[in-house]
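# Descriptive analysis of the structure
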Amino acid sequence: MSDLAQMSAGAVRGPAKRTGHGTQAMAGLALVALPMAMLLGLILWPTMRMIGATVTLEDRIGADRYVAFFGDAYSMANLRFTLEMSLISALTALALSFGIALYLRFSAGRIATMIHALSLFPLFVPSIIISYALVRFLGPNGLFQLLLEQIGITQYRTPYLTPVGPFLAFVWENLPLPVLVLSAGLTQVSDHAVEAARDLGARPLRILWEILLPQTRRSLLIAFALIFLGILGAYTVPYMLGPAAPEMMGVYMQRTLGNLQDPDSAQVQAVVLMAIASVVGGFYIATMLKSQGAER
Amino acid sequence: MLSRRQFMATTAAVATLSATRLVAQDRKTLQVFIDGDTNISDWWNNILKPAFEAAHPTHTFNVTITRGVADGNGTIAARALAAMQSQTDPQVDYFEEIEPASVAGSVEAGLWLEVTEANVPNLKMINPAAIQTPIRMPYRGSQVLIAYDSAKIPTPPKTFADLVAWAKANPGRFTYGRPDKGGSGSNFVIRAIHEANGQDPAAFTKDNFDAAKAEEMLQKGWAILKDLHPFTFGEGTYPAGNTPALQLLAQGAVDMIPAWSDQALQAIKTGVLPETVKVVQLQDLALCGGFAYSAIPANATDLEGALALANFMLSPESQTSCVRDIGGFPGISWDNLPAELKAEYIDVIPVSIPTFPSGDWQTAKNDGWYKNVATNIVRD
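Residues numbered from 1 in each chain as written. Chains lettered and ligands numbered in written order. Predicted model: local features only at pLDDT ≥ 70, side-chain atom pairs only at ≥ 80, totals over all residues. Heavy atoms only, no water.

Along chain B, the regular secondary structure elements total twelve helices and eight strands. Principal-axis analysis of the C-alpha atoms gives chain B an extent of 90 × 50 × 45 Å. Counting over 380 residues, chain B shows a buried share of 52%. Counted over contacts in chain B with a minimum sequence separation of 6, partners at least 24 positions apart contribute 77%. (Helix = DSSP H or I, 4+ residues; strand = E, 2+ residues; numbered from the N terminus. Buried < 20%, exposed > 50% of the residue type's maximum accessible area, 1.4 Å probe, protein only. Contact = heavy atoms within 4.5 Å.)

Below is the structure:
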């Protein structure tokens, strides 16, 4: 926990003076050589090749396939759906987990421990299980509908096979990670600051707005980037719970490659999604670097 | 020191072991490879194996499941081909299901044993609906049917037009799976395409695909399905496969779906679907289906045993078991099966088993469905 706390607050600091000379520096380089080689050889190189392949047409180089993708109403509807779904689900999960993290920060005792454990529970449940569970629970004539009918509510319309289905699963699935990152971030907020504000008569909302939010801004950004990227490339949840169309990009890509056997179009879809992911990823890295810089 | 009791126990164990070995050595073991679903491998192990052993005291078989491993039986067949070229033992005697043509070079190399009435006498009973070539033997089939809840629908539709009319009269009570995610939805979509093109499956062949012509023929099918779209479950949210569609029927969320014969019949038998669920085939033009083909590698070490197994599989007893135990269609014609079995399944016995070509037609059908039917994009 404490490592994570330091990571998310950007407080990880090596020894003040680096003593990396000669053999020690070589040892350090040797340690990163293998992961770097894997990164270059197994990720970056194939990625570059794939990007190259998407613009290599039969007789020339051109962006025709991208023009086709962006000109196709169906592909664009899928892309828009994917972005909206990722954004709304990630923000909802973030808001809920911030609430849980706040509660955990200022409470102690058995109930707090239980809530903490419960909020981490989804971390250990695979997507395929949560998808099936939600089909049985929220599906037509499922447990939830039966319970509602017991108390006289009969207008229930199942979210199964609608955009709400994957949304609920994404929110549930993505609670634990931000809870961990945000509770870590909140431990960095000093009790003194909060108490001082209270003594001066600040109300809870004001404390939230002026002390807690600014001081956990980085944790929030990091948590958001992590879950947004996870949802952006999701496959199982939208496949099992979502509507036939629009499709999320993960499902669309798989179908284009596997069923339509059209690797060219699937690669274009992958590059577009990757470009969006790298914007958010770059944002995440910038936040991390800035937080390290701030400590210097 | 061994105590007397321990000594006796050990001796007895050793004796039993050698006795079992002797029995096993008495029988020759055929190596059968299966890459089909669990229902198929369970059927072979639990029902067919004891029956085969009882009928053939000299033989037994060992089932190896290759489902989900590399290319399944295709990979084993490629190895058998390599073994043929290096004249070694292929270690396989029988493929439960294989498409010889899809194993590159195997047909040209003569890997597959020709089966005829001379070496497999029961072939004379073969189902005329199955397309048989000398190197592959159809032995079980399945077809997409309409499964419906008879408690709510006393008289099910018998034609495609009736089905569409019923679905429109009962909004939200009919659905079908996405065509790329399972054969039940796929073959329903194909049936609509057939309907729109003169109910003529012969209009679609592997070699007659032409993008412009296909677009025109498919558009007529999309018109039917687009028209049906708002009346399906959830106003056009289609379940993602065969099982999710069956699940909706089982949960009472819909009253009618297209379903694979074997999956539906087995689900009714095991209670997964309520017993009021019945199945029916459309009588104007049936939904598509197909047969599973077995084949024997010509270099198998025990050809005699493999042929005996092939003949056993086409016996009326095994074929009755195929209908009763896995809900499959028989590879031999219904006339050779008990009359009461035929009477019981009269509603689902197809007059014909239409097919739809693989390759370009399938791709155009699946993508076209997503872009024209499932989508809610308004087109101008």
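Our focus in this paragraph is the interface of chain A and chain B. Reports of interface size often rely on the accessible area that becomes lost once the parts have come together. Counting residues at the interface gives 22 residues for chain A, matched by 26 residues for chain B. In this assembly, chain A packs against chain B so that about 2200 Å² is buried in total across both faces, 57% of it on carbon and sulfur atoms. One salt bridge in this structure joins Lys371(B) and Asp72(A), with 3.5 Å as the shortest N-O distance. Elements with a contribution of two residues or more to the side of chain A that touches chain B: helix H4 (73-106), helix H6 (127-138) and helix H14 (249-259) of chain A. For the side of chain A that touches chain B, the class distribution of residues is 13 nonpolar, four polar and five charged. (Buried area = accessible area lost by both parts, 1.4 Å probe. Salt bridge = Lys/Arg side-chain N within 4 Å of Asp/Glu carboxyl O. Nonpolar A, V, L, I, M, F, W, Y, C, P; charged D, E, K, R; others polar.)

Looking now at the domain arrangement of chain B. All names here are of chain B. By domain assignment, chain B separates into domain 1 (4-139 + 291-342) and domain 2 (141-290 + 353-374). At the junction of the two partners, domain 1 supplies ten residues and domain 2 supplies ten residues. Carbon and sulfur atoms supply 54% of the area buried between domain 1 and domain 2, which totals about 930 Å² over both sides. Of all residues in domain 1, the largest losses of buried area upon contact with domain 2 belong to Phe291, Gly327 and Phe329, amounting jointly to 55% of the total for that side. Connecting domain 1 to domain 2 are one salt bridge. Ionic pairing is found between Asp325 and Lys269, a salt bridge with its closest N-O pair at 3.8 Å. Between the two partners, domain 1 and domain 2, sit four residue pairs in polar contact (both at pLDDT 80 or more). Within the residue set of the side of domain 1 that touches domain 2, elements represented by two or more residues are strand S7 (289-294) and helix H10 (316-326). (Domains from an automatic or database assignment. Polar contact = N/O pair within 3.5 Å; in protein donor to acceptor, adjacent residues only side chain to side chain.)

Let's shift gears to the nonpolar core. By size, the foremost hydrophobic cluster in this structure holds 152 residues, and its most contacted members are Trp44(B) and Trp369(B). With ten residues, the top contributor of residues to this core is H4(A). Of the residues that make up this core, three or more belong to each of domain 1 (4-139 + 291-342) and domain 2 (141-290 + 353-374) of chain B. Ignoring anything within four residues of it in the chain, the contact list for Trp44(B) reads Val32(B), Ile34(B), Lys49(B), Phe61(B), Val63(B), Tyr94(B), Glu96(B), Tyr139(B), Leu309(B) and Met313(B). Within the second largest apolar cluster, 13 residues are counted, among which are Ile76(B), Ala77(B), Leu81(B) and Ile135(B). (Core = buried A, V, L, I, M, F, W, Y, C linked by side-chain atoms within 4.5 Å.)

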